[in-house]
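# Summary of structural features
Listed below, chain by chain, are the residues.
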Amino acid sequence: MGEETSVELEVARETWVTRMGFVFAVWGSMTGLGNVWNWPFKVSVLGGGPFVLIYLIMLLLVGIPVVLTEFVLGSTFRRGFPGALKRIHPLGEFLGWFCLVNTAILTAFYTVLIGYAAVYAGYAITGLPLDGVMGPSTFTDQPGFFVNMLMSPIVLVGLIVVWLVVFIIDYFGTRGIERSVMILFPLMWIIIIFMAFWGLAQPNAYQGLDFYLNPDVEQFLNPNMWSTAVSLSFFKLSAGMGALTAYASYLPRRGELTNSAVTTSLLDTTFAFTAGMAVFTIAATAGFLGGGGVGFAFVAWPGGMVIPGGNILGFVFFLMMVFLGVTSAISLVEAIVTAVMDKFGWPRSKAVIVITLILFLGGVPFTLWMELPDPMGAGDVVWGLYLLDIFDYYVENFGLVLVTLFMMIIMAWVWGGAKILDAANEAGDFKLPSWYKWVVKVISPVGIIIALAFIIINGFYAVGSIMEFTAPLIWIAICIVFAAILWRMKGVD
Ligand code: PFF
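Read on for an overview of the structure.

## Structural notes on the overall build of the chain
Scanning the chain from terminus to terminus reveals 20 helices and two strands. Against the 2.2 N^0.38 benchmark of 23 Å for 493 residues, the chain shows a C-alpha radius of gyration of 22 Å, consistent with a compact globule. C-alpha atoms of the chain, sized along the principal axes, occupy 65 × 45 × 45 Å. Counting all 493 residues of the chain, 59% fall into the buried class. Within the chain, contacts between residues at least 6 apart in sequence are counted, and of these 80% link residues at least 24 apart.

Here it is as structure tokens:
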């Protein structure tokens, strides 16, 4: 690549308008749907309070170093994930595209989940029933409403609405992202704090907190708890998806990285912790504890909303979920858009139109409302949610962790742990000591390897479930084939 092209790209690259713009955008990305349907639920089943402690330890040892490394990658090379890694090693570009195919799959179904939330918000505020196989059901008639929704094209309508919003924000680049996040992020906080206080003031609040945080000391010896803390922290911190690299690539030269990595990560955890208090205290009041993941947020929780003001509370809650989701989805889209702009030299408008269209179409299978026989013999299933479950498992557990591991190896070993440190210290609000390079070189990668080992072992033991042979093969084949094609395509960068 000629010097000239490189200089042109440097000059043309967008930047954040303000330093806080970057920080808010990262906050918005980290604080997503996972704070509501993933984090609280995992805390409650994986040992309560002690899991929070373990999560914090893993956050410090593994999560934050990874976030910082991604920031350094983006801000040093001022490219998206593939373009930046390519400058360290030619194979890095392949890893970059592998990551972004995984990101694309996540985006496709993540936006469907935001679509669910949008549908719920709409039905909660209007109080209208949704008709279907389960008979007319309002949003509190659970699981009737959920089943009717899954088996109706309404999810597709929700998905279209979500994509329109994401498209408009991303079309305006860093300005669009910065403006929207600076409005939505404080709103999400106001809503969650209000909900947590409201929940704590209810008579059964204690029961909810007990369910959420009650220590289960035996779990300390359970290696799953430690490995889940790692994979969950990556998902929560938006690491290993190219999103943080993309956002950091818009920083002006010598942007602050270290303080930003620490504060964003900790604030995300604080949000998740607060969200756990809000959902479990309210769920306990409504007599609906238990269940997890998508089921908890979309079945148990709304099912408990047959309380005074339940419609309003439900509306506010699901509106917050839409905000949480949208501010994360724009970072996922941006990870891909920026990489495509770098590689093919497309203008933003073209990249955003093409990528949003592809990702929207990729999401349609996750909205499929018909019931078909499960190829693995588990009876009839609604295809959309069925596919979503499968891909969610691989994208979140394997994809993210694998990509992060290789990124850390390339950055800390091929490029250099000391260079990461120098880049962070160049404009850092505080300086990292020189021993910190061993955290990025050894402690963090070893933590990831151990977590990955347990994730793989668990995958093998879970025979008879979705983790059988075909699903992982399909997932990995999609990632490798598309990554190889994109890697070999001729570009301008
Ligand atoms: N951090 C988001 C959440 O907790 O829901 C999920 C996510 C968003 C992951 C953006 C990765 C990403 F790039």
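What follows continues from the structure just given.
## Details of the nonpolar core
Within the largest apolar cluster, 174 residues are counted, with the highest numbers of intra-cluster contacts made by Tyr116, Phe298, Trp301 and Phe318. Broken down by element, this core gets its largest block of residues, 24 residues, from helix α18 (residues 383–426). Excluding its chain neighbours within four sequence positions, the residues that come into contact with Trp301 are Met195, Val279, Ile282, Ala283, Phe296, Leu313, Gly314, Phe317 and Phe318.

## A closer look at the environment of Ser349
Inspection of the secondary structure puts Ser349 in helix α17 (residues 348–363). C-alpha of Ser349 to C-alpha of Asp170: the two residues are 179 residues apart in sequence and 9.1 Å apart in space.

## Describing unusual backbone geometry
Residue Gln142 is joined to Pro143 through a cis peptide bond whose omega torsion reads 5°. In this fold, Pro143 is placed in the loop between α7 (90–126) and α8 (144–150). Look at Arg254: it is not a glycine, yet its phi comes out positive at around 60°. Structurally, Arg254 can be placed in the loop between α13 (243–248) and α14 (258–285).

## Here's the deal with the pattern of salt bridges
Summed over the entire model, instances satisfying the criterion amount to ten salt bridges. Where Glu14 meets Arg348, a salt bridge forms, and the shortest distance between an N and an O atom there is 2.7 Å. With Glu14 in the loop between α1 (3–12) and α2 (19–30) and Arg348 in helix α17, this pair connects stretches of sequence that are 334 residues apart. We classify Glu14 as partly exposed; its relative accessible area is 23%. Here Arg348 falls in the buried class, since its relative accessible area comes to 10%. Among the salt bridges present, the one from Asp429 reaches Arg19, with a minimum N-O distance of 2.7 Å. Highlighted residues: Asp429 in the loop between α18 and α19 (436–461) and Arg19 in helix α2, separated in sequence by 410 residues. Each of Glu14, Glu334 and Arg348 takes part in salt bridges that share partners, so that together they form one network.

## Details of the packing of α2 against helix α10 (residues 173–200)
For the pair α2 and α10, the least separation of the axes is 9 Å and the interaxial angle reads 60°. Judged by the inter-axis angle, α2 sits oblique to α10. For the pair α2 and α10, the crossing hand works out as left-handed. On α10, the residues that touch Met20, Gly21, Phe24, Ala25, Trp27 and Gly28 of α2 are Ile177, Glu178, Val181, Met182, Phe185 and Pro186. Considered class by class, the residues forming the contact of α2 with α10 number nine nonpolar, two polar and one charged.

## Quick word on the environment of Val147
Counting through the fold element by element, Val147 comes out in helix α8. Relative accessible area serves as the criterion here: at 23%, Val147 is assigned to the partly exposed category. Between the C-alpha atom of Val147 and that of Met134, which follows or precedes it by 13 residues, the distance is 7.2 Å.

## Examining helix α12 (residues 223–236)
For α12, built from 14 residues, the straight-helix expectation of 20 Å at 1.5 Å per residue is met to within 8% by its first-to-last C-alpha distance of 20 Å. Within α12, eleven of the 14 residues are buried, which leaves it mostly tucked inside the rest of the structure. Of the positions making up α12, those classed as buried are Met225, Ser227, Thr228, Ala229, Val230, Ser231, Leu232, Ser233, Phe234, Phe235 and Lys236. Near the N-terminus of α12, the side chain that reaches the backbone nitrogen of Asn224, with its oxygen 2.8 Å away, is that of Asn222. Following α12 by one or two positions, Ser238 adopts a phi angle in the positive range, close to 60°.

## Quick look at the site of the ligand
Close contacts around the ligand come from 15 residues, with Met30, Gly34, Tyr110, Phe235 and Lys236 the closest. Gly34 places a main-chain nitrogen or oxygen 2.8 Å from an oxygen atom of the ligand. Between the ligand and Ser238, the relevant distance is 3.2 Å, taken from a nitrogen atom to a side-chain nitrogen or oxygen of the residue. If one sorts the elements of the shell around the ligand by residue count, helix α16 (residues 310–344) sits on top with three residues. Of the residues that constitute the shell around the ligand, the class distribution is seven nonpolar, seven polar and one charged.

## What to know about the packing of aromatic side chains
Enumeration over the complete set of coordinates arrives at 40 aromatic pairs. Between Tyr110 and Phe235, the ring centres sit 6.5 Å apart and the planes meet at 65°, which makes this aromatic pair edge-to-face. Placement of Tyr110 in helix α7 and of Phe235 in helix α12 is noted, with a sequence separation of 125 residues between them. We note that Tyr110, like Phe235, is buried. When the ring of Tyr212 is compared with that of Phe280, the centres are 5.3 Å apart and the planes differ by 35°; the resulting orientation is tilted. Here the residue Tyr212 occupies a position in helix α11 (residues 205–213), and Phe280 occupies one in helix α14, the gap between them amounting to 68 residues. The two residues Tyr212 and Phe280 agree in class, both being buried. One aromatic cluster in this structure is built from Tyr116, Tyr120, Tyr123, Phe145, Phe146, Phe298, Trp301, Phe317 and Phe318. When the ring centre of Trp413 is taken as reference, the NZ or CZ atom of Lys441 above it lies at 4.4 Å.

## Re the state of the cysteines
Counted by the stated rule, this structure contains zero disulfides. Looking at Cys99, it has no disulfide partner, and the nearest cysteine sulfur is the one in Cys479, 9.4 Å off.

## A short note on the packing of α7 against α17
For the pair α7 and α17, the least separation of the axes is 8 Å and the interaxial angle reads 65°. Taken together, the axes of α7 and α17 lie roughly perpendicular to each other. Seen along the crossing, α7 lies across α17 with a hand that is right-handed. Residue-level contacts link Ala104, Thr107, Ala108 and Val112 of α7 to Leu359, Gly362 and Gly363 of α17. When its residues are assigned to classes, the contact of α7 with α17 shows four nonpolar, three polar and no charged.

Definitions and limits used
Per-chain numbering applies: the sequence of each chain, read as written, is numbered from 1 onward. With pLDDT at 70 or above as the cut-off, local features in this predicted model cover only qualifying residues; side-chain atom pairs require 80 or more to be listed or tallied, and sums for whole chains, interfaces and linings still use all residues. Each side-chain value is worked out from all heavy atoms of the structure, with water and hydrogens disregarded. Helical segments are the DSSP runs of H or I of at least four residues, strand segments are the runs of E of at least two, and each set is numbered from the N terminus. Here the globule rule is a power law, 2.2 Å times the number of residues to the power 0.38, and the radius of gyration is based on C-alpha atoms. Exposure classes here rest on a 1.4 Å probe applied to the protein chains alone. A residue is buried below 20% of its type maximum, exposed above 50%, and partly exposed in between. Should any heavy atoms of two residues lie within 4.5 Å, those residues are counted as being in contact. To form a nonpolar core, buried Ala, Val, Leu, Ile, Met, Phe, Trp, Tyr and Cys residues must be joined to one another through side-chain atoms within 4.5 Å. We define a salt bridge as a side-chain nitrogen of Lys or Arg found within 4 Å of a carboxyl oxygen belonging to Asp or Glu. Each axis is a line fitted through C-alpha atoms, and for a helix only the stretch in contact is used; angles between axes span 0 to 180 degrees, taken between their N-to-C directions. Small angles under 35 degrees read as roughly parallel and large ones over 145 as roughly antiparallel, with 65 to 115 read as roughly perpendicular and the rest as oblique. By definition, turning the near helix anticlockwise from the far helix through less than a right angle yields a left-handed crossing, and turning it clockwise yields a right-handed one. Side-chain classes are defined by residue name, with Ala, Val, Leu, Ile, Met, Phe, Trp, Tyr, Cys and Pro counting as nonpolar, Asp, Glu, Lys and Arg as charged, and the others, Gly among them, as polar. Helix span is expected to be 1.5 Å times the residue number reduced by one. Two N or O atoms count as a polar contact when they lie within 3.5 Å, although within protein this holds only if one can serve as hydrogen donor and the other as acceptor, and sequence-adjacent residues are included solely when both atoms are side-chain atoms. One heavy atom suffices: a residue is near a molecule or strand as soon as one of its heavy atoms comes within 4 Å of it. Aromatic pairing here means that ring centres of Phe, Tyr or Trp (its six-membered ring) are within 6.5 Å. Orientation follows from the plane angle: under 30 degrees is stacked, over 60 is edge-to-face, and everything else is tilted. Cation placement over rings: the criterion is NZ of Lys or CZ of Arg within 6 Å of the ring centroid and within 35° of the ring normal. Two cysteine sulfurs form a disulfide in these notes if their separation is within 2.5 Å.

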